[in-house]
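The lines below spell out each chain.
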Amino acid sequence: MAYDPDADINGQVMYTLLNTTDIIIIDNTTGQVTLNQELDRESTEKLVFLIQASDGGVPTLLGMLQFDLLILDINDNNPVFNETEYHVRISENVIVSTPVLQVKADDIDEGNFGMVEYSLSGGQGKFSIDKMTGQIIVSAPLDRENEAVYTLTVTARDNPSGSANNRRESSTQVIVTVDDVNEFPPLPSMDHYIFDIQENLPASTRIGHIEAIDPDDSQSQLTFSIIDTTYQDFQSLLRINSSTGELFTLVSLDRESLIYPSSITLTVNISDNGVPQMSSQALVDVIISDVNDNNPTFSLSVYYANISEDSSIDNVVARVTAIDADQNSELSYSITSGNINGTFKILSDSGFVITAKNLDFESIRAFSLHIEADDGGGRVGSTILDISVQDVNDHSPVFLNAPYAFFVAENVTIGHEVGKCSAVDSDAGTDSSQVLYSIIGGSKGEFVIDTLSGILQTIALLDRESVAQYNLIIEASNKDGLAKTTQVTITIEDINDVVPHFETLSQSTYQLLESASVGSFVVTVAANDEDAGANGEVAYSIIDGNIGDVFIIDQQSGTISTGKLLYEQNPQIFNFQLVVKAMDGGNNPLSSTIIVDVKITDENNHKPVFVYPVAGQRLTIPENVEARYLIATVLATDGDDGSSSIITYGFDDSRMQDREILEKFIIDPNNGTLLSNTTFDREEQAIYTLILTAKDNGVPRQTTQQEIIIEISDVDDNEPGFAREDPAVYPVQSLSVQEGASDGTYVGTIMAAVDPDEGSNFYYFIVDGNDPVTFSLNKESGELFLIGSVDREATLSITLLIKVSSDPNYTVTSQRKRRSTFNLQTDLSLLQVIVNLEDVNDNGPVFAKDEYIAGIAAEADILTEVYQMNAEDPDSDKHTSTEYAILATASNKNNAQAEADGTFIIYLDTGLVTLNKQVNQDAYDYFDLTVRAIDTVSGISSLAILKIYVLDPNQRVVIVINAPIEEVKAKEEQLIELLSNITQGIVFIDDILLYTTEDGKVAQDMTSVSINVIDPETNQVMPADLIISRIDQNSDLINALFGIAEVYPLVTNSGGEDWALMEIALIAIAILIFIGTLAFCIIICFLQKNSRKKLSMRDGVSYGNSQNLMDPYDFQGNNPMWLDREDSMSDWPDSISLIDSRQVPYRDGPMDFFSSTNTFDSNHRAKNGTIQQALPPPPPPPTGQSSSNNSEVSSIELLKRELVACGASQEPRAIPIHESGLEDSHNGILTSQRVMEINQILDDLTSPDSQTALSAAAYRSELEYDNQLSTIAEEEASMISSLTDGSSLENRLQSYDLYATLKKPATIQEVTECGDVSSDSTSSSTQATVLSVTTYKLQDVQNGEQVTNGHITELESDSDSENGCKKHTYTINESADGSSDDDESSTHESDKNSDISTTTAKAKTYIYTINGNDESDEDSEEANKRLRIDMGGEVALSDDSSVELMQEISDYNANSGYTNLAFHEEETHL
């Protein structure tokens, strides 16, 4: 409820919720706040809203209220276990109370609602749980052999002390696996295993399985190994599977092997994997069983035996024996072959071979018996028994293969062997077995036989045609007279030695009509051959003269007849001489020939036949040639004879449609010359079809037609081009290539061009778009290749202009390389090729800036959106996947940095930064977030800094702009830049809203902009009143962009009760601090008063050297307790001088009495800004020195006289003390007594050394000068006097190897309006006031080089008290390499104002005098203001004089060699 004491509409209050939210709504009239949606305390515990109360008056008055909505907790969340299911293993021998596992469930509710108690079910009473901690322990002994796995259910319930109806619970399962403890050794299934395995089985055959179990765990893994054996090399035969206990062979076993035994005994060890490990043994016998795998073997492979042919039956011939390596085999012997006629037999059990029949040497002289031994199991062994039969003589010769038949050719020579007759005597080895041969009949002296060998030979020539066969009788006998005969038939074989011979023809010439039909008889020829068989068989053929194969001949009969129609022959032949051959059928055939003359009688029965061109032949004529071009000479022949064969040529013009074509050609009817009758264009018509005619001169006339094709051959008279579907649309081809592809990568092939000319070659060229050269084009194939680097991020595609030309050497001249030279619309030879660059992931996301700036309101809600970070990845979307992360967060307060990770979070995929923890301005000024954006595909990343300032809502300023909200939002960036320049801070726009008038109406043409500003130097929120002040001062700049209606703070400092209490507290604290400070100062002053020591200023004099030689402890503000030394001065100076009834605060600045830029005139003032009080004039000059007015002699004049008295040859200059060494000097009062003491010190310093004397004189003059113008503290004078303490000035000069150069001061020009303003006229009594000190710098604008640093001191003094004249002095002090000590003076011309004039002063000193008589006091005050330097930083020396003064400074430095100087004011003090 808001209260407004005004009456009527002025007191009617309207409530407005300033936050944009749907959570609550407020009644505009009653102020009742209503919840509009459900709340979740676990998401947000507190909501802060701003409610505005406005009355109905004009202007509308507003009040603000912060409405804090605290969300109370209810029990609406179940406890949640940190794991959905727990798994744990525990040994079975653990003791009771052993911890097993601690479960944890969290409940995000508050208080008792968030407390959790645990309970446990299951586990057969073996386990229990601590209800508070969730620790599960063993409550009873475990035995894995009884139960290996327990499933426990743990329930977590919240609100343990609350109502049972208001509790929530959740459950999880804990799986406890009990691990075994090794107690028993493995048990084999038997103690002794016997395994039989047949021999010859393959390697890796399973022998057997040793089985065992572990009583501790029947599923546990056991290990099997062989630890002992009866055969030491068992590893070569057997192996055992260490995991299963299975026994396998390593090789194929052989029971008959002599290397290893037929049985092996093994000892197998069986061990478990428990701790400790336990084992047992088993005995294993492996017996190799026999397999019938060996054949019986005989002791000899061949046995030999002899026996006489007259031996009796059952006579023993020999014995064979065999053995078998297999066990228990019984052998049986048998004869399997070689036992002819069953002559022998063998005893099956003993192997004895005996005769079974009588022997006959003459029948069989030897036997080779094959004998086998069978073991009864299918295996046999074999051997051979060779038996020789011994002969007994009892036979006569016998012809072999009788009777005999021999064949012999009739042309064999004498002595030729015809054949051989053989006879044998079976009684071998005796003399009577010799056989003798003889011919006893059938030969007439043609043949003879060899007596011993029986070979028949010819002894005369043979002729088959005379005697074809001989029958001889041959006798064979031995010496004993026994003989036998046989018949020998000798057949004489024919030889082809007779040539066939023709019979004489009946007539010399045979005639036929031309019209004779096929098969017409001509003649029969006959030839004879006396040879026999094929040698005498004759075959006939026509071997010559049969032109056109017109005639045929029967091979067997020799009959000649026509084989074709005679009149169809081309050319027509009327006389034939047929050569007929007769050839026999021998292997080397013999032949003879005869000529048969045949004459053909002519008839006109042939049509002309075209010889050229042949049917279907294509003739060519080049296009564009002139008429009467010779195409061809047509030639036809006629098979007829005589005048019938004369031919006439022409065209077939029977078809009307062909007549137009025929007019284009001419043919000569007599010689057949074919000519063109016009000029042809191939592109109009390429082919013409003509029908030629050829007519003979016979009766009746015969005509032949021949169709020919005439092609118009192409001439390259057209340029190639690219096809277009629409003539108005030029062709475009798209290709693609990956960026980063290597040189030589194939991009694609240019689309095929077309050329109306036939067979023409065309070539492709790149005429534009390939600069720099990136692609190479094969001009013949049109293949495009990459030869340069391409980057998709630089350009998405490259457009090439391709030209096709028939000129292989086409080039683009430099004048034509511009795209404008080529017209794609009209030039058909051009093609636009767009090469799209396919993306490769070769880039990472990149932030646009290294640092971003954002703001967040203090006490902003969690999840408030702070800033949208955005990093751009030049790669295409399909290759990029950017993720954001905050790598580090640092908070800053008063330049102190601390880690603040977790204060902000960033969305991984969008880069949106939101608040994760509430922040307040008291704790933080700003946050530095290091944000990374990374490409998850390539791993390339970049970093940026996000600086988030904590904004104070209480320092927001509202600017009401006379412009629609759309226009303001459109110029938001311009407005921010403008406000930043005006406020000299970082501007954050919090809201841009439509302006609501005092009567609650929304003004559509006005916009309310609320801002916060950060001071970039302090990084803190700028106060609202300062922001408003700076905006007000520069409102005209904003009005140039927008019209400003109003500027006011969003939150006003109302005098509420809370603020009053705070003010009281602050005032109380301030009083305490003041009392403490005052007490401290009193104590310090007391200590100083007691010490009375002089402040050292060691090495304080620098002769032309810019180095600061001051004691590092000698500066104002240090505790004098630590600074006091034996030579220190007495009293510490006050920080405030109360002179001339004006209080001027102490200002840091050097006392710089001896600066090189100080002047020795009456206008000189110390630059620390204190008000100076003139003292009485100095003592009179030394004796001998006179002046027109000794009472008013200036310090300048005194210095001159002092130098002359000392015989100085150089012009004087003050001894400089560098201003940085006296920046912290202070002020005090210089008494007359102290001046006398200093003068005495200086007198003591005087020595014959001219340099020392000059320096002392210069110092004395300066001292007197300051005595006239300044109210300097006694301590200051003591400090200066310390220059001489400890050593002489001469020694100090020598130690620094420097000396003082003296410079003559310029003469001060008198000002007539106000009387004499020279040092003489003003030295008696002058009161001066420091108006301002302005620090400036000069820079070279061309290269940014700093040229000069300096400051301007403005003093005001009474020049003529009677006339009210005031003089303003500006002293310029600079330190720069370019400054020149040789510059005598600088003159600044006065502006045209009548009340301001300028006198010429010392170097870089400017004096302005205001005429008080001619102007009123108000005018003088106005002129005085114009001479001041304003607080805002603007030089306001008077409108024109300030410009002149700054120009003078720039000109002075420009003379030192610098150009393009810019004047920049740094700081101004009043």
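Throughout what follows, the structure given in this document is the object of discussion. (Residues numbered from 1 in each chain as written. Predicted model: local features only at pLDDT ≥ 70, side-chain atom pairs only at ≥ 80, totals over all residues. Heavy atoms only, no water.)

## Description of the sheet that holds strand β17 (residues 206-209)
Logical step 1: The antiparallel open sheet is built from three strands, whose spatial order is β17-β21-β20. Unpaired on one side and paired on the other, β17 and β20 (238-240) mark the two borders of the sheet. Sheet twist, expressed as the mean angle between neighbouring strand axes with direction ignored, is 20°.
Logical step 2: Strand direction decides the pairing type here: β20 and strand β21 (residues 246-249), joined by three bridges, are antiparallel. When the sheet's bridge partners are listed, L238 is paired in β21 with T249. (Pairing = 2+ DSSP bridges. Helix = DSSP H or I, 4+ residues; strand = E, 2+ residues; numbered from the N terminus. Axes fitted to C-alpha atoms, helices over the stretch in contact; angles between N-to-C directions.)

## Quick notes on unusual backbone geometry
Logical step 1: Cis peptide bonds are those with omega within 30 degrees of zero, and the linkage from A402 to P403 qualifies with -10°.
Logical step 2: Omega for the peptide link from Y612 to P613 comes to -5°, which places this bond in the cis form.
Logical step 3: You can see P613 is positioned in the loop between β51 (608-612) and β52 (618-622).
Logical step 4: Unusually for a residue other than glycine, N401 sits at a positive phi of about 60°.
Logical step 5: On the secondary structure map, N401 appears in the loop between β33 (397-400) and β34 (404-409).
Logical step 6: Even without glycine at this site, E859 takes up a positive phi of about 65°.
Logical step 7: You can see E859 is positioned in the loop between β68 (851-857) and β69 (865-868).

## Details of the packing of aromatic side chains
Logical step 1: Following the criterion strictly, the structure yields 26 aromatic pairs and no others.
Logical step 2: A centroid spacing of 5.0 Å and a plane angle of 85° characterise the contact between F551 and F576, whose relative ring orientation is edge-to-face. A residue pair is termed long-range when its members are at least 10 positions apart, and F551 in strand β47 (residues 551-553) and F576 in strand β49 (residues 575-584) qualify at 25 residues. Of the two residues examined, F551 and F576, each falls in the buried class.
Logical step 3: Here the aromatic residues F399, Y404, F406 and Y437 are joined through ring pairs into a cluster of three or more.
Logical step 4: The ring of Y763 is capped by K779, whose NZ or CZ atom sits 5.9 Å from the centre of that ring. (Phe/Tyr/Trp six-rings, centres within 6.5 Å; stacked < 30°, edge-to-face > 60°. Buried < 20%, exposed > 50% of the residue type's maximum accessible area, 1.4 Å probe, protein only. Lys NZ or Arg CZ within 6 Å of the ring centre and 35° of its normal.)

## Topic: the environment of A366
Logical step 1: Along the polypeptide, A366 turns up in strand β31 (residues 366-374).
Logical step 2: On the basis of relative accessibility, which here comes to 46%, the residue A366 falls in the partly exposed class.
Logical step 3: A366 has contacts with I387, S388 and V389, leaving out every residue within four places of it along the chain. (Contact = heavy atoms within 4.5 Å.)

## Focus on the pairing of strand β36 (residues 422-425)
Logical step 1: The two faces of β36 differ: A423 and D425 on one face are buried, but S422 and V424 on the other face are not.
Logical step 2: Pairing of β33 with β36 involves four bridges; the strand directions are antiparallel. Counterpart to L400 in the pairing with β36 is S422.

## Some remarks on a nonpolar patch on the surface
Logical step 1: On the surface, I1067, I1071, F1074, I1075, L1078 and I1082 cluster together to form a nonpolar patch covering roughly 630 Å² of accessible area.
Logical step 2: Here I1082 lies in helix α6 (residues 1057-1091).
Logical step 3: Of the residues examined, I1082 reaches a relative accessible area of 53% and is grouped as exposed. (Patch = residues over 30% accessible without salt bridge, like charges linked within 9 Å, V, L, I, M, F, W, Y side chains within 5 Å. Areas by Shrake-Rupley, 256 points an atom, 1.4 Å probe, with all protein chains shown as cover. Salt bridge = Lys/Arg side-chain N within 4 Å of Asp/Glu carboxyl O.)

## A word on the nonpolar core
Logical step 1: I1011 and I1031 are the most contacted members of the largest nonpolar core, which totals 26 residues.
Logical step 2: Elements with a contribution of two residues or more to this core: β77 (957-961), α2 (965-970), α3 (972-983), β78 (986-996), β79 (1002-1015), α4 (1024-1033) and α5 (1035-1041).
Logical step 3: Per element, the largest residue contribution to this core is five residues, and it comes from α3. (Core = buried A, V, L, I, M, F, W, Y, C linked by side-chain atoms within 4.5 Å.)

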